[in-house]
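Coordinate inspection notes
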Amino acid sequence: MPLVPVPVPLPDLPGSAPAAVVWPASAQALPGGDLAVGGVPLTELADRFGTPCYVVDEDEVRARARAWRAALPDAEVAYAGKAFLCRAMVHWIEEEGLSLDVCSAGELELAAHCGFPAERIVLHGNAKSPEDLRTALRLGVGRVVIDSTGEIARLAALVPAGARQRVLVRVVPGVAAGAHAAVRTGVAGQKFGLPVAGGEAEDAVERVLGQPRLELVGLHCHLGSQITDLDPYVTAVRRLVTLLARLRDKHGVTFPELDLGGGFAIAYRDGEASPDPGAYARRVGGELALRCGEADLPVPRLTVEPGRWIAGPAGVALYRVLAVKRSGNRTFVAVDGGMSDNPRPALYGVRYTVRLVGRPTAAPARAMTVVGRHCEAGDVLAEDVPLPGDVRPGDVLAVPAAGAYHVSMASAYNLVGRPPVAAVRDGRARLLVRRETLDDLRGRDVGV
Ligand SMILES: Cc1ncc(COP(=O)(O)O)c(C=O)c1O
Ligand SMILES: N[C@@H](CCCC[NH3+])C(=O)O
């Protein structure tokens, strides 16, 4: 069957981040109204795996991982597993030479189970449990990121005599960035990190330096998520280098590493901005070298932690329409998933793209609101999106940019079961994560 590329408008946007497309690079419109990703028609995937269902384009994940490695060949690129993690994902990330950022014993154990090299793992968390810390030490993770003052002695006490655990201290540079208050972590007044301005960061560094079983290898900061612009990173670098110079003057120490976190935005709708790794390398890497030179500091090895940027654009969510109704001058298209597989519109007000796939239609597009099947009116997946006027039960709807923070944030709300994940590549599909069944859900309910 002949394949034609999906037409994608690319408007010019002001600012440093280029406009990005929402579908994976492999997406191709098929005659008859279907769309193929990784060479597999989406309706074929919906039939084979059922709906709702998540599709991950393996080549897209790998290409995105490689883009960061190519842009920053001397840096460490640690994929933030919170965006989406499963065994296949761990293997792809490992094979592409990336490190892995994890934030729980669960993510750590999954990575270890897949043979991911522990020295390439970075453990995060504002409230690491004893189990998180013990698992990290047992597996020998490369770095633990200290997020609070109390954690310093707690971690040191768990390190066996004669051993040393490498750590970073997460600092808050006072830079506001990120798409929503819930994901802005670069300013004081939220739960992550130790503020530079209040002196907590310097105090923590001093305490770590006083712990013989901890080896402080550098500072960490993560400004927030879905950041479209590179300016906040440049500002953060300036503030961090100032802090590094102060620590050198005060304690006579310099550090080999600097972890600037992740947060790089992706497009959820055509034309939205997404930072380019090459531009990041030039601007942020350039600023780091310049400021370190000015301060007479050695340039630390950079770590970046992209999550969404690598996984997000590789994923497509598939739903089947169950009902269409008019209410209060609006048309609602209700599908078989919802906020249990994608809580992001409800949590952060994110606007998505939706496309009808699998049948031709000449019906003019009308504004419709795609809602889920859950028991609350806020269970909206996409508000006022254009869909063909004849959309009807049985139709398949595809939502791009669904690869990050959907499956990883999926819940058991209303016991509908979390959706499966299938990988596509070279015209073939394989199941990575099976659908959560009623038996899985019932199996956890062990009391009366
Ligand atoms: C410490 C840390 N690193 C990396 C990330 C990844 O963020 P993103 O998926 O926005 O790149 C997060 C989440 O925001 C984070 O908390
Ligand atoms: N869950 C958020 C991102 C959180 C980033 C984690 N540090 C989102 O879906 O946008």
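Residues numbered from 1 in each chain as written. Chains lettered and ligands numbered in written order. Predicted model: local features only at pLDDT ≥ 70, side-chain atom pairs only at ≥ 80, totals over all residues. Heavy atoms only, no water.

1. With respect to the overall build of the chain
Each helix and strand in the chain was counted, giving twelve helices and 22 strands. Relative to its length of 448 residues, the chain is compact, with a C-alpha radius of gyration of 23 Å against a globular reference of 22 Å. Principal-axis analysis of the C-alpha atoms gives the chain an extent of 70 × 60 × 45 Å. Sorting the 448 residues of the chain into buried and exposed places 54% on the buried side. Accessible surface, the chain: about 18,400 Å² in total, of which carbon and sulfur atoms supply 52%. Charged side chains of the chain number 50 positive and 51 negative; the gap between the two group centres comes to 2 Å. (Helix = DSSP H or I, 4+ residues; strand = E, 2+ residues; numbered from the N terminus. Rg over C-alpha atoms; globule rule 2.2 N^0.38 Å. Buried < 20%, exposed > 50% of the residue type's maximum accessible area, 1.4 Å probe, protein only. Areas by Shrake-Rupley, 256 points an atom, 1.4 Å probe, with all protein chains shown as cover. Lys, Arg positive; Asp, Glu negative; His and termini not counted. Charge placed at Lys NZ, Arg CZ, Asp CG, Glu CD.)

2. Points about the UniProt feature "modified residue: N6-(pyridoxal phosphate)lysine" (unreviewed entry) in the chain
The feature "modified residue: N6-(pyridoxal phosphate)lysine" (unreviewed entry), as annotated in UniProt, sits at K82 in this numbering. Within the secondary structure, K82 sits in the loop between β6 (76-80) and α3 (87-95). According to the relative accessible area criterion, K82 is partly exposed, its value standing at 27%. Ignoring anything within four residues of it in the chain, the contact list for K82 reads D101, C103, E107, Y405 and S408. (UniProt positions renumbered as here; feature names shortened; annotations may be inferred. Contact = heavy atoms within 4.5 Å.)

3. Some thoughts on the site of ligand 1
As a matter of local geometry, ligand 1 sits amid 16 residues, with H222, S225, G263, E305 and Y405 nearest to it. In this structure, K82 approaches ligand 1 through a side-chain N or O atom, which is 3.4 Å from an oxygen atom. A distance of 2.8 Å separates an oxygen atom of ligand 1 from a polar atom in the backbone of G263. Protein contacts shield 91% of the accessible area of ligand 1, which totals 390 Å² for the unbound molecule. Grouping the amino acids of the shell around ligand 1 by side-chain chemistry returns four nonpolar, seven polar and five charged. (Near = heavy atom within 4 Å. Polar contact = N/O pair within 3.5 Å; in protein donor to acceptor, adjacent residues only side chain to side chain. Nonpolar A, V, L, I, M, F, W, Y, C, P; charged D, E, K, R; others polar.)

4. So, the pairing of strand β22 (residues 428-433)
Judged from the five bridges that link them, strand β21 (residues 421-425) and β22 form a sheet pairing that is antiparallel. Opposite V421, over in β22, you have V433 as the bridge partner. Where β21 hands over to β22, the hairpin turn is made up of two residues, of which D426 adopts a positive phi near 50 degrees. (Pairing = 2+ DSSP bridges.)

5. Side note on the confidence of the model for the chain
Looking at the chain, the pLDDT average stands at 95 and 96% of residues meet or exceed 70. Residue range residues 7-15 is modelled with pLDDT below 50. Its contacts to residues more than four positions away, or to other chains, number twelve contacts. For this predicted complex, the interface confidence reaches an ipTM of 0.99, while the overall pTM sits at 0.96. (pLDDT = per-residue confidence, 0-100.)

6. A word on the pattern of salt bridges
Summed over the entire model, instances satisfying the criterion amount to 31 salt bridges. Here R120 ties to E94 by a salt bridge, and the two come within 3.4 Å at their closest N and O atoms. Residue R120 is located in the loop between α4 (105-113) and β8 (121-123), and its partner E94 is located in helix α3; the two are separated by 26 residues in the primary sequence. Close ionic contact of D203 with R207 constitutes a salt bridge, the shortest N to O distance being 3.1 Å. Of this pair, D203 and R207 both sit in helix α7 (residues 200-209), four residues apart, which is roughly one turn of that helix. Accessibility expressed as a relative area gives 30% for D203, which makes it partly exposed. (Salt bridge = Lys/Arg side-chain N within 4 Å of Asp/Glu carboxyl O.)

7. Some thoughts on the nonpolar core
Membership of the largest hydrophobic core comes to 110 residues, with the highest contact counts inside it found for Y79 and Y280. Among the elements that line this core, the one with the most residues is helix α8 (residues 231-251), at ten residues. When sequence neighbours within four positions are dropped, the list of residues in contact with Y79 reads F84, L85, M89, I93, L98, S99, L100, D101, P306, G307, I310 and A311. (Core = buried A, V, L, I, M, F, W, Y, C linked by side-chain atoms within 4.5 Å.)

8. Brief notes about the packing of aromatic side chains
How two aromatic rings sit relative to each other is set out by the distance from centre to centre and by the angle between their planes. Taken as a whole and assessed by the stated rule, the structure comprises seven aromatic pairs. Look at Y233 and Y280: their rings are 5.4 Å apart centre to centre, the planes differ by 80 degrees, and that puts the pair in the edge-to-face class. Separated by 47 residues along the polypeptide, Y233 in helix α8 and Y280 in helix α9 (residues 277-295) bring together distant segments of the chain. Residue Y233 shares its accessibility class with Y280, and that shared class is buried. Ring-pair connections join several aromatic residues into one group, and the members of that group are W68, Y233, F264, Y280 and W309. We note R64 situated over the ring of W309; from NZ or CZ to the ring centre the distance is 4.3 Å. (Phe/Tyr/Trp six-rings, centres within 6.5 Å; stacked < 30°, edge-to-face > 60°. Lys NZ or Arg CZ within 6 Å of the ring centre and 35° of its normal.)

9. Some thoughts on unusual backbone geometry
In this chain, T51 is followed by P52 through a cis amide linkage whose omega measures -10 degrees. Take P52: it is sitting in the loop between α1 (42-49) and β5 (53-57). One non-glycine residue, D296, lies in positive phi territory at about 55 degrees. Along the chain, the position of D296 falls in the loop between α9 and β14 (301-304). The class for D296 is exposed, based on a relative accessible area of 65%. Positive phi is not limited to glycine here, since N329 has a value of about 70 degrees. Following the sequence through the fold, N329 ends up in the loop between β15 (315-327) and β16 (330-335). Using a relative accessible area of 70% as the deciding quantity, one classes N329 as exposed.

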